[in-house]
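Results of the structural survey
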Amino acid sequence: MAKKRPDIADIVLNGVPVRAAIIGDGWEQIDLFKEIEEYAQTHEFQIRTESEPVPGKPLRNDYVIGKSGRYDIVALKVHCPGVPAMMISHHYKMLVNDKETKREHRHAGTIAHYMFDMLNQFKEKQK
């Protein structure tokens, strides 16, 4: 019988220690993030960013797109420019295409937020 993973865990994401509550497919998301983070240590990503308004709303979509030999990743942040984060929550989503396993992963929330930040850090290193 496989050992059950804890519902609360101390993990490190993008170099930041986090005390995380694991809900639903949270471990799958964490494992995917760590796999990509490890892959990025020895492989380069081509990064580009885009931004567009959400039609009919005072919101903006900010995209970070990363491409490598194995992964195509799109991370999205939906936010309201000029409004403090405490007034409106930012929404994060990510789409990861693993070309090696031919699997597509779609997630929203905290891990998508970390992915958005990690891809932006890759872009900063490329400058």
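Before reading further, recall that the structure is shown in the block above.
These notes cover the structure that comes with them. Owing to the predicted nature of the structure, the values given are computational and were not obtained by experimental measurement.

Analysis parameters
Residues numbered from 1 in each chain as written. Predicted model: local features only at pLDDT ≥ 70, side-chain atom pairs only at ≥ 80, totals over all residues. Heavy atoms only, no water. Core = buried A, V, L, I, M, F, W, Y, C linked by side-chain atoms within 4.5 Å. Buried < 20%, exposed > 50% of the residue type's maximum accessible area, 1.4 Å probe, protein only. Helix = DSSP H or I, 4+ residues; strand = E, 2+ residues; numbered from the N terminus. Pairing = 2+ DSSP bridges. Axes fitted to C-alpha atoms, helices over the stretch in contact; angles between N-to-C directions. Phe/Tyr/Trp six-rings, centres within 6.5 Å; stacked < 30°, edge-to-face > 60°.

Another aspect to go through is the nonpolar core. Of all hydrophobic cores here, the largest spans 30 residues; its most connected members are Ile11, Ile36, Phe45, Ile73, Met115 and Leu119. Taken together, the elements giving at least two residues each to this core come down to β1 (8-13), β2 (16-21), α1 (26-39), β5 (71-79), β6 (91-98) and α2 (110-126).

Pairing in this open sheet of five strands is antiparallel, and the strands run β3-β4-β5-β6-β7 from one edge to the other. Only two strands of the sheet have a single neighbouring strand rather than two, namely β3 (46-53) and β7 (103-108). Sheet twist, expressed as the mean angle between neighbouring strand axes with direction ignored, is 10°. As paired elements, β6 and β7 share six bridges and run antiparallel to each other.

The subject of this paragraph is the packing of aromatic side chains. Scanning the model with the defined rule gives five aromatic pairs in all. Centroid distance Phe33 to Tyr114: 6.3 Å. Interplanar angle 75°. Geometry classified as edge-to-face. Residue Phe33 is found in helix α1, and its partner Tyr114 is found in helix α2; the two are separated by 81 residues along the sequence. By relative accessible area, Phe33 is classed as buried at 0%. A relative accessible area of 18% means that Tyr114 is categorised as buried. For the pair Phe45 and Phe122, a centre-to-centre distance of 5.5 Å together with 25° between the ring planes defines the contact as stacked. You can see Phe45 sitting in the loop between α1 and β3 and its partner Phe122 sitting in helix α2, a full 77 residues away along the chain. In terms of burial, Phe45 and Phe122 fall into one category: buried. Aromatic rings pair up to connect Tyr39, Phe45, Tyr71 and Phe122 into one cluster.

What follows concerns the pairing of β2. Regular strands show a simple pattern: their side chains alternate between the two faces of the sheet. Where β1 lies against β2, six bridges are found, and the strand directions are antiparallel. Following the sheet pairing, Ile8 is matched in β2 by Ala21. Two successive antiparallel strands, β1 and β2, enclose a turn made up of two residues, where Asn14 displays a positive phi of approximately 55°.

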